[in-house]
Amino acid sequence: MEAAMTTTKGVANAKVLFNASKVKAEFDENVVSTDELISKVEKLGYPVLSSKVTVV
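These notes cover the structure that comes with them. (Residues numbered from 1 in each chain as written. Predicted model: local features only at pLDDT ≥ 70, side-chain atom pairs only at ≥ 80, totals over all residues. Heavy atoms only, no water.)

### So, the overall build of the protein
Then comes step 1: Counting secondary structure elements, the protein contains two helices and two strands.
Then comes step 2: Going from the N terminus to the C terminus, the protein shows its helices and strands as α-β-β-α.
Then comes step 3: Here the protein has a C-alpha radius of gyration of 10 Å; the compact-globule value for 56 residues is 10 Å, and the two agree.
Then comes step 4: Once the C-alpha set of the protein is aligned to its principal axes, its extents read approximately 30 × 20 × 15 Å.
Then comes step 5: Taking all 56 residues of the protein together, the buried fraction comes to 16%.
Then comes step 6: In the protein, once contacts between residues fewer than 6 apart in sequence are set aside, the share between residues at least 24 apart is 23%.
Then comes step 7: Total accessible area computed for the protein in this model is approximately 4500 Å², and 50% of it derives from carbon and sulfur atoms.
Then comes step 8: The protein carries 7 positive and 7 negative side-chain charges, and their two centres are separated by 6 Å. (Helix = DSSP H or I, 4+ residues; strand = E, 2+ residues; numbered from the N terminus. Rg over C-alpha atoms; globule rule 2.2 N^0.38 Å. Buried < 20%, exposed > 50% of the residue type's maximum accessible area, 1.4 Å probe, protein only. Contact = heavy atoms within 4.5 Å. Areas by Shrake-Rupley, 256 points an atom, 1.4 Å probe, with all protein chains shown as cover. Lys, Arg positive; Asp, Glu negative; His and termini not counted. Charge placed at Lys NZ, Arg CZ, Asp CG, Glu CD.)

### With respect to the environment of F18
Then comes step 1: Turning to its location among the elements, F18 is positioned in the loop between strand 1 (11-17) and strand 2 (22-27).
Then comes step 2: When its relative accessible area of 60% is taken as the criterion, F18 is described as exposed.
Then comes step 3: F18 sits 19 residues away from L37 along the chain, and the two C-alpha atoms are 17 Å apart.

### Some thoughts on the pairing of strand 1
Then comes step 1: In the sheet, strand 1 pairs with strand 2 via six bridges, with the strands oriented antiparallel. In the sheet register, N13 faces strand 2, and the bridge partner there is E26.
Then comes step 2: Remark: four residues form the turn of the hairpin made by strand 1 and strand 2, two consecutive strands paired antiparallel; S21 in that turn has positive phi of roughly 55 degrees. (Pairing = 2+ DSSP bridges.)

### Focus: the layout of surface pockets
Then comes step 1: Approximately 1200 Å³ is the volume found for the largest pocket.
Then comes step 2: Lining the largest pocket are 31 residues, with K22, V23, K24, A25 and K52 sitting closest to its centre.
Then comes step 3: Looking at the lining of the largest pocket element by element, the count peaks at six residues for strand 2.
Then comes step 4: Looking at the lining of the largest pocket residue by residue, the classes come out as 19 nonpolar, six polar and six charged. (1 Å grid on protein atoms, 1.4 Å probe; cavity = no way out; pocket = protein on both sides within 12 Å on 5 of 7 lines; lining within 4 Å. Points joined across faces, edges and corners; volume = space filled by probe spheres on them. Nonpolar A, V, L, I, M, F, W, Y, C, P; charged D, E, K, R; others polar.)

Shown next, in the form of structure tokens:
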């Protein structure tokens, strides 16, 4: 999944935390939206129960 996320235009970094059932991604919201990333995760066969965006 990390490879699929990091090859997405606008995603700088992605880390899958399998033990916590989470994905952390650094992305440019001017290039790719949160909804697009959620859709990508779901297309890979994983449910998205919630999302949280932190602007740094």
